[in-house]
Protein chains: 2
Amino acid sequence: MTLRARTLLGPGPSNPYPEAQAALGLPLLGHLDPLFLQVLDETSERLRQVFGTANRRTLPLSATGSAGMEAAFVNTVGPGDVVVVAVNGLFGQRMVEVASRCGAEVVAVEHEWGQPVDASRVLQAHPAPKLIAAVHAETSTGVLSDLGPLAAGKGDALLLADCVTSLGGVPVRLDEWGVDLAYSGSQKCLGVPPGLAPFTINDRAWERRIDKPQSWYLDLGLLGGYAGEAAGSGRTYHHTAPTGMVVALHAGLGRILDEGLDAVHARHAEAGRMLHAGLAELGLELFAAEGSRLPELTTVKVPDGVDSATVRAELLDRYDLEIGAGAGAYAASVWRIGLMGPNAAPGKVALVLAALKDVLGR
Amino acid sequence: MTLRARTLLGPGPSNPYPEAQAALGLPLLGHLDPLFLQVLDETSERLRQVFGTANRRTLPLSATGSAGMEAAFVNTVGPGDVVVVAVNGLFGQRMVEVASRCGAEVVAVEHEWGQPVDASRVLQAHPAPKLIAAVHAETSTGVLSDLGPLAAGKGDALLLADCVTSLGGVPVRLDEWGVDLAYSGSQKCLGVPPGLAPFTINDRAWERRIDKPQSWYLDLGLLGGYAGEAAGSGRTYHHTAPTGMVVALHAGLGRILDEGLDAVHARHAEAGRMLHAGLAELGLELFAAEGSRLPELTTVKVPDGVDSATVRAELLDRYDLEIGAGAGAYAASVWRIGLMGPNAAPGKVALVLAALKDVLGR
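Residues numbered from 1 in each chain as written. Chains lettered and ligands numbered in written order. Predicted model: local features only at pLDDT ≥ 70, side-chain atom pairs only at ≥ 80, totals over all residues. Heavy atoms only, no water.

Before going further, it helps to examine the sheet that holds strand 13 (residues 324-325) of chain A. Residue and element names in this part refer to chain A. Pairing within the open sheet is antiparallel, and its three strands lie in the order 11-14-13. Edge strands, defined here as strands with exactly one partner in the open sheet, are strand 11 (297-301) and strand 13. Where helix 11 (residues 261-281) meets the sheet, its contacts fall on strand 11 and strand 14 (334-338), and the angle it forms with strand 11 comes to roughly 10 degrees. (Pairing = 2+ DSSP bridges. Helix = DSSP H or I, 4+ residues; strand = E, 2+ residues; numbered from the N terminus. Contact = heavy atoms within 4.5 Å. Axes fitted to C-alpha atoms, helices over the stretch in contact; angles between N-to-C directions.)

Shown next, in the form of structure tokens:
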């Protein structure tokens, strides 16, 4: 196996924070070791802080972010339940698919890709849904949507937010906004390798959950006996937690909270601004709607006459630099540049701009 | 966080092979990086060798072993399908639960815990099941069951095997026996941290799979576009693979194959024999039926008048040594001692025997 140290500026995974990387080298602990359970409890507490919630049921699920999405739906939605999904990119589409597999009656509110969610259209789509779902930061388009208006107008519905690309990069304040449940992934702005899905659910959603979800692995009622629900008291074995990964998440979150959430968000914002300005200087056009652009994930239109894949391969081969292709219909016409976690830094912005300038011959 | 280097001689996770631990320190790769895809393909090939199969659809699933179980059922069993499950421990019981959540009509063939699966009873339980499921090495009881007779008599049914605790510890020869699909976990005899579920499915089972499983995350039809099915050709993004964990699994499997599968199995067998003999010398009684005892996971009866939890806590505190409690009804009356992966070694046997002798005052 040839080893290469890549700079990961795609849509994720990002290079991890050094604290998270170092934690993977620590001696492995058992999943019922009191030392590990303490780390797990602290991890839940740290997740509460980055999610902006007091939900006691906050825990890392033992799979990647997409399993977080599946956990959200299988635990709250059953056959015939009405679910309204705001679709403004690939991950909204995925929500429609996952909710459908739970037997839900799904009302998909389609948006043009690159645009933020239009809360009024979403809220008017159905008079009484059980659940409304939206993506906070669409990884496929680099668009940030405002969750506040959805929460304000949700009425009796539950509000579910996909925070995979937002958590740790831009402010997330679930309780202040009124989001009932949310999930994320470890490998983006949290700066931890992929493998865990941070998850949180409030009492309101908990009380209306499905009693026996179709997934045993993601059954929050059973998981609650091991983490979150039972924190500090007796634990029930459910499955073997990926202890090493949880220790890495604990360390990545510790780094973020030590730096300070506001400072971390400001660092992502500053890196994004630098990148957007630099791309404009190169004569490149951004894809996401102005005013809704994520600092941590930028979508750029591939210039006419340029082959997207050739450029990405050259960046990888010559610069050990990964950027992402577009998603869905924009696979070949858009690039995605991530500045996540430790990569939200001026040096990484300078690198990707210099490399693009060189490879594009600008 | 206090750091302790534990010797993990419970039912898993085990301490990883040093190669796997070291691999976690390597620079992280993206999940679509050609270098990573090469590692993924090689990992599938190495898994074929340890599973004893030529199945092209062999891959590590992005979650722990229990998700491997869920993947097996959701992809093969739907409402009304008849499933016969051999239940001789906790993981057989779990199979019943997971199959039930798929809507299957489950015929559970109960065995006394500590006994191996009685193939004739299982085969006579139903005239025409769609699927027969059994646990190869019951982690809850330390019992090995013979899969050959089940395969020989399965008729038109599919045969599913849980190889979580057997893979990498005792011989697994799926194709020779006639097992159609199987799953495992990374954290036991494969000597890799927890977080991945090695999985394999043959063409026979593939052709009868559920078209649209209730789980999107574990949908093998979709996963096949990324790994296994599409190996070497075009890849379709499904979810972000836990790249660091896959690189660690690749390294752990490499270590096992370098040592040689026969040598690895012999090492586990030898360590198990030493432990069983040593426990007898201490006057302790084994729980699993003679002739069906796993070398890599030994169940021992807690002596009368001894408090299981106190002994385990003392082993952990004084010796940094983890052994496991029993499972189910035997939680307090049985201990489980694992000798898995790198821990299948004379030094570890000597350690646990000496520590038990001391703590039990024998």
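The next point concerns the interface of chain B and chain A. One frequent convention defines the size of an interface as the accessible area lost when the parts assemble. Contacts between the two partners involve 59 residues from chain B and, on the opposite side, 59 residues from chain A. Carbon and sulfur atoms supply 63% of the area that chain B and chain A bury against each other, a total of about 4800 Å² over both sides. Considering only the surface of chain B that becomes buried against chain A, Leu28, Arg101 and Trp216 of chain B emerge as the three largest contributors, covering 16% of it. If you look at where chain B meets chain A, you find six salt bridges. A salt bridge links Asp219 of chain B to Arg101 of chain A; the shortest N-O distance between them is 2.8 Å. Residue assignment for the side of chain B that touches chain A shows that the elements contributing at least two residues are helix 2 (34-51), helix 3 (65-74), helix 4 (90-101) and helix 10 (243-259) of chain B. The element that contributes the greatest number of residues to the side of chain B that touches chain A is helix 4 of chain B, accounting for six residues. Of the residues assigned to the side of chain B that touches chain A, the class counts are 31 nonpolar, 18 polar and ten charged. (Buried area = accessible area lost by both parts, 1.4 Å probe. Salt bridge = Lys/Arg side-chain N within 4 Å of Asp/Glu carboxyl O. Nonpolar A, V, L, I, M, F, W, Y, C, P; charged D, E, K, R; others polar.)

What follows covers the domain arrangement of chain A. Residues and elements named next belong to chain A. Segmenting chain A into domains produces domain 1 (7-13 + 260-360) and domain 2 (19-258). Inter-centroid distance (C-alpha atoms) of domain 1 to domain 2 is 26 Å. On the side of domain 2, 29 residues touch domain 1, which itself brings 25 residues to the contact. Both faces combined, the contact of domain 1 with domain 2 buries some 2100 Å², and carbon together with sulfur accounts for 65% of it. (Domains from an automatic or database assignment.)

All names here are of chain A. Of all five residues making up strand 5 (residues 131-135), five are buried, and the element is well covered by its neighbours. Judged by which residues are buried, strand 5 turns out to be covered on both faces: Leu131, Ala133 and Val135 on one side and Ile132 and Ala134 on the other are all buried. Here strand 3 (residues 82-87) runs beside strand 5; their pairing, made up of three bridges, is parallel. Residue pairing in the sheet places Val85 in a bridge with Ala133 of strand 5. Pairing of strand 5 with strand 8 (residues 158-162) involves five bridges; the strand directions are parallel. In the strand pairing of strand 8, Ala134 is matched with Ala161. (Buried < 20%, exposed > 50% of the residue type's maximum accessible area, 1.4 Å probe, protein only.)

Turning our attention to the packing of aromatic side chains. Overall, the coordinates contain four aromatic pairs over all chains when judged by the stated rule. Ring geometry for Phe287 of chain A and Tyr330 of chain A: centres 4.8 Å apart, planes at 55 degrees, overall tilted. Taken together, the positions of Phe287 of chain A in the loop between helix 11 and strand 11 and Tyr330 of chain A in the loop between strand 13 and strand 14 put the pair 43 residues apart, joining distant regions of the chain. Owing to a relative accessible area of 15%, Phe287 of chain A belongs among the buried residues under this scheme. Assessed through its relative accessible area of 27%, Tyr330 of chain A is described here as partly exposed. Through a chain of ring-to-ring contacts, the aromatic side chains of Trp113, Phe287 and Tyr330 of chain A assemble into a single cluster. Residue placement shows Arg209 of chain B over the ring face of Trp206 of chain B; its charged tip is 3.8 Å from the ring centre. (Phe/Tyr/Trp six-rings, centres within 6.5 Å; stacked < 30°, edge-to-face > 60°. Lys NZ or Arg CZ within 6 Å of the ring centre and 35° of its normal.)

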